[in-house]
Each structure stands twice: as structure tokens, then as C-alpha cells.
Amino acid sequence: MMRKASGGGGSENRDDHAAFSALLEDSAEDLYERAPCGYLSTLLDGTIAKINTTLLDWLGHQRGDLVGRKTFSDLLTVGGRLYHETHFAPLLRMQGEVSGIALELKTADGGRLPVLVTSTVKTGSDGQPLLIRTTVFDARDRRAYETELLRARQEAEREREELKRLNATLQQTLLPPTLVNVPGLDVAAHYHIASTDKVGGDFYDLFPLASGTWGLFLGDVCGKGAAAAAVTSLARYTLRAAAVYDPDPVAVLSNLNTVLNHEYNGQDPRFCTVVFGLLTPDADRGGFHVTLASGGHPPALLMRADGTADYLPTPGGQLIGALPDAHIATTTVRLDLGDTLLLHTDGLTEAHTAQIKDGDRYGDDALLDFAQVLAPTTASDAVAAVRDLLDTFGTGVDDDTAVLAISVPRPPSEEQP
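Everything numeric here is computed off the predicted structure, so don't read it as measured data. Sequence order sets the numbering: in each chain, residues are counted from 1 along the sequence as written. Confidence filtering applies because this is a predicted model: local features only for residues at pLDDT of at least 70, side-chain atom pairs given and counted only at 80 or more, and all residues used for totals across whole chains, interfaces and linings. Neither water nor hydrogens contribute to the side-chain values; these are computed over all heavy atoms in the structure.

A. Highlighting the overall build of the protein chain. A helix here means a DSSP run of H or I that spans at least four residues, while a strand means a run of E at least two residues long, and both kinds are numbered starting from the N terminus. Check the secondary structure of the protein chain and you find 10 helices and 15 strands. Think of it in three bands: residues with accessible area under 20% of the maximum for their type are buried, residues over 50% are exposed, and the middle band is partly exposed, with areas taken using a 1.4 Å probe on protein chains only. Counting over 417 residues, the protein chain shows a buried share of 42%. For this analysis, residues touch if any pair of their heavy atoms sits within 4.5 Å. Put simply, of all contacts in the protein chain between residues at least 6 apart along the chain, 61% involve residues at least 24 apart. Each accessible area value is a Shrake-Rupley result obtained with a 1.4 Å probe; residue values ignore everything except the protein chains displayed when judging cover. Accessible surface, the protein chain: about 22600 Å² in total, of which carbon and sulfur atoms supply 53%.

Structure follows, in C-alpha cells:
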């Protein structure tokens, strides 16, 4: 006769059954007294009629100190008692139940116990209220969590404000503190910051060169942040150095293209759009000769003294730094009395605006219409008008925008009233 093999399974089943039986033998009273939350029952006037051991232990009181002697509101802090009388109790009377209210209880040693309270009105068979049952949950861990969360949020906000200050300081180092005075020209510039969280990549400058000539440039580096700022700084100082060595605009941008292409030709290529101009005063006729070279940059706007306005196209100009031998497009123009030349980055024309039909970008055509209404104008007035225009876009300007304007002022006797 074969015997069945014995194993540990039967013993484990007996242990589980014994544990389950012991659980069933727990008395209702013990479950009430030792529950993981506090329980108390009060009369309708708030007098404590019953309270479990868990809540007594939390508060450090003896049962005889509270039952029949204290009301629920007596256990609350001053602020909690005021809230109970003005909000909690009236709401409980109207609804019959109030759930998850954050309050603070006073402990026997004078401390405070943060809790979450739920109260329910028990009614008799006739529907009349008999007593109030209240469940109390210890919220100390939750309060500690909320306090830590608030501290972390405040720390993050301080770090963000510090980052904003650092970004603003870094941005200022990438732009000339003031524009130089050019005899025979009015000059003005503006830099619109779209976000204070990241340093933008727009830049501009105006500076003297040899033989009474002047150089100017305005550009936009791809991307934002510290990496873009590094390229901006490199581009700005390379352009100034190259212009001193050879002021020909094509040579200046070709030099920058070589530097950027050699420096950033690996896994993280960096490039930019730039327009560089060489300003030469006309000693005989007045005004200035301007030669512009563009590396993929939006065309400049020319607003004439006669009230006309148009773009100065430089077709075919390629991004600076993207290719070893970028094609540089040039154009030449003469600025006479009352003429204004405006350079800008694409943050202006790519701004979102609800005023434009069939598209949500401001666009080149809208900017040209704006310039035609504005002409004739001066450098200062043109930049001020663009600033006002950017303000109307509000948060629709999602990219930094730089504008630089130069104009040949009319004699005071010829200025329009």
C-alpha cells in the first residue's frame, strides 16, 4: 500500500487558518479602541460621549478628562475653533456630513496635532439627529510633506530668480552697452527678450574702422542658452576683429564662416544668420554709402525720405558656419538725407499675432506694410515704433528680437513739423 508524500503545504495552510481565525475573534470593541485612526462620538452640542484609545494616545489625555467634560471644539486650537464654529458646524448641520477637513488639535502637553477630520450626523429611525460621529486621521506626515514641498518650491523659485539675473547679466555682456556716436548719422537699437529663462542668440554692434568708415552687424545664432551664448560671443568678437583686418563685408562674413565651421563641425554644429554693413560717408554730397553682406539673414528695410519703403534683397546668402564655403550675398545702397535703414532678426516677422488673416505669423509682407506707413522716419522713431509693435504681440513673441536702425538726419530747417 502506497503512502502519500508529506510536505510543508499542510502546515502552512493550518498557520494561515489559525491567523484568520484569530482575526475573526477580535472583538468589535478592540477594533474600535485600537484602530489606526481616531474615533469619537459627541452629543449634538459637541460634548464628547465616546473616544477611542488611539486618539487619547495621540492627544496624551485620560478618558476621564474628556468624556462628559469637554466638547470637540475644546480640543481644537483657537483658529480651528473659530473655523469649526463659523464653517464646520453649520455645514455639518445642513449636509449631515463634512469630509476631509484639515484642522489642528491641542495635545495635553501644549503641542499641536495636524489632523484630517470627517464628521457624520447619526439619525434615529424617525430621522431626527442623535449624535455626531467623527473620524480623525493623523496628518503629521502629510503636513511634513507639504512643508517640504513648499520649501522645495521656494528654493526652486529662488534658483529660478537667480538664473534670470545671471541670464540678464550674460545677455548684457553680449551686446554693446551703448551705441557709439557716428558723425552724420542717427542710430538706435533695441533688444526684446522673449524669455528670461534662457539667454537668446541675437546680437548687434556698431563700431569705427579706419579711414573714417564704420562697421555694423546684426545676427541671430541658432538655439538658446549657454551654448548659443558662447557662439554669440565668438561671432561678435570675430566680426569686429575681421573687420579691422579687412573691412570688405564679404571678407568679414567669410572669415566668420571659417571660424564657426572649424569650431563647431562635430556632433553639435552651430551656425547663425548675419548681416554686416560697411558705412562710408560721402564728403562731397553728404549722406552715406552702405554695402551690406548677408549670410542667410532677413533683408534690411530701407525707408526713404520721399515716404517709400522696400526691402534690400540679398538673395542666395547662405547660413554662416553651416558649410565650409558659404555663398555671401551683397547689396549696395546710398542713404540720403531723411533715409532710414532698419535691420532686424526674424523674431519680429515670426511673432504670433491674431491680427493677421490666413496665418498666425506676422510675416514679411506685414512688416513691409508697417514700414510704408512709417516712412519717412528717423532711426529713433523707427525703433520706438517696432518696440510698440512687439508690445502688441504680447506672449506671441516666442523668440528674442533685435533691431538696429541708422538714418541720415535732415537739417533742422527741413524737418517735418
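Now, onward.
B. How the structure looks around the nonpolar core. In terms of nonpolar packing, the biggest core is built from 25 residues, with Leu279, Phe288, Val290, Leu335, Leu341 and Leu343 touching the most fellow members. Elements with a contribution of two residues or more to this core: strand 7 (202–208), strand 8 (214–221), strand 9 (272–281), strand 10 (288–295), strand 11 (300–303), strand 13 (329–335), strand 14 (340–344) and strand 15 (401–407). Ignoring any residue separated from it by four or fewer positions in sequence, one finds leucine 335 in contact with Gly287, Phe288, Val290, Leu302, Arg304, Leu341, Ile406 and Val408. We call a set of buried residues a nonpolar core when its members are Ala, Val, Leu, Ile, Met, Phe, Trp, Tyr or Cys and they connect through side-chain atoms within 4.5 Å of each other.

C. The packing of helix 7 (residues 225–245) against helix 8 (residues 249–263), seen in detail. Lines fitted to the C-alpha atoms define the axes, with helices restricted to the stretch that makes contact. Angles between their N-to-C directions range from 0 to 180 degrees. One way to put it is that helix 7 packs onto helix 8 with a least axis distance of 9 Å and a crossing angle of 140°. In this structure, helix 7 meets helix 8 at a crossing whose hand is right-handed. The segment helix 7 lies against helix 8, with Val231, Leu234, Ala235, Thr238, Leu239, Ala242 and Ala243 engaging Val252, Leu253, Asn255, Leu256, Val259, Leu260 and Glu263. A breakdown of the residues in the contact of helix 7 with helix 8 according to their chemical character gives 11 nonpolar, 2 polar and 1 charged. Note on convention: the crossing is left-handed when the near helix lies turned anticlockwise from the far helix by less than a right angle, right-handed when the turn is clockwise. Each residue gets one label: Ala, Val, Leu, Ile, Met, Phe, Trp, Tyr, Cys and Pro are nonpolar, Asp, Glu, Lys and Arg are charged, and the others, such as Gly, are polar.

D. Local environment of the packing of aromatic side chains. Classification of ring pairs rests on two measures: the distance between centres of Phe, Tyr or Trp rings, Trp counted by its six-membered ring, which must be within 6.5 Å, and the angle between planes, read as stacked under 30 degrees, edge-to-face over 60 and tilted in between. Applying the stated criterion across every chain yields a total of 4 aromatic pairs. Consider the rings of tyrosine 362 and phenylalanine 393, whose centres lie 5.1 Å apart with planes at 55°: the pair is tilted. You can see tyrosine 362 sitting in the loop between strand 14 and helix 9 (363–374) and its partner phenylalanine 393 sitting in helix 10 (residues 379–393), a full 31 residues away along the chain. For the pair shown, tyrosine 362 and phenylalanine 393 are each scored as buried. An aromatic cluster is built from Phe203, Phe207 and Phe217, whose rings are joined through pairwise contacts. The rule is short: NZ of Lys or CZ of Arg within 6 Å of the ring centre and within 35 degrees of the ring normal puts a charge over the ring. Here the basic side chain of arginine 236 rests over the ring of tyrosine 237, its NZ or CZ set 5.5 Å away from the ring centre.

E. Seen up close, the sheet that holds strand 13. When DSSP locates at least two bridges between a pair of strands, those strands are taken to pair. A sheet is described by the order of its strands in space; here 5 strands give the open sequence 7-8-9-10-13, paired in antiparallel fashion. The sheet terminates laterally at strand 7 and strand 13, the two strands that pair on one side only. Each strand of the sheet is rotated relative to its neighbour by a mean of 15°, with strand direction disregarded. Running over the sheet, helix 7 touches strand 7, strand 8 and strand 9 and is turned about 20° from strand 7. Against the sheet, helix 8 touches strand 9, strand 10 and strand 13, its axis set at about 150° to strand 9.

F. Spatial organisation of the pairing of strand 11. The side-chain alternation of strand 11 yields two buried faces, one formed by Ala300 and Leu302 and the other by Leu301 and Met303. Bridge count between strand 11 and strand 12 (residues 309–312): 4 bridges; the pairing is antiparallel. In the sheet register, alanine 300 faces strand 12, and the bridge partner there is leucine 312. The loop that links strand 11 with its antiparallel partner strand 12 comprises 5 residues; one of these, glycine 307, has a positive phi angle of about 95°. Here 3 bridges tie strand 11 to strand 14, and the two strands are oriented antiparallel to one another. Following the sheet pairing, methionine 303 is matched in strand 14 by threonine 340.

G. Up close: helix 8. Any helix carries an expected span of 1.5 Å times its number of residues minus one. Under the 1.5 Å per step criterion, the end-to-end length of helix 8 is 21 Å for 15 residues, consistent within 8% with the ideal 21 Å. For helix 8, the set of buried residues is Pro249, Val252, Leu253, Leu256, Asn257, Leu260 and Asn261. Burial along helix 8 is one-sided: seen end-on, the buried residues are contained in an arc of 155°. Where helix 8 is buried, its residues meet helix 7, strand 9 and strand 10. In this description, the arc belongs to the directions extending from the helix axis to the C-beta atoms.

H. Representation of the sheet that holds strand 15. Reading across the sheet, the 5 strands line up as 6-15-14-11-12 and stay open at both edges, with antiparallel pairing between neighbours. The sheet is open, and its two edges are formed by strand 6 (186–192) and strand 12, each paired on a single side. Geometrically, the sheet is characterised by an average inter-axis angle of 20° between neighbouring strands, direction not taken into account. As defined by bridge partners, strand 14 adjoins strand 15 across 5 bridges and the pair is classed as antiparallel. From the neighbouring strand, leucine 342 faces strand 15, where its bridge partner is alanine 405. Relative to the sheet, helix 10 contacts strand 6, strand 11, strand 14 and strand 15, its axis offset from that of strand 6 by approximately 15°.

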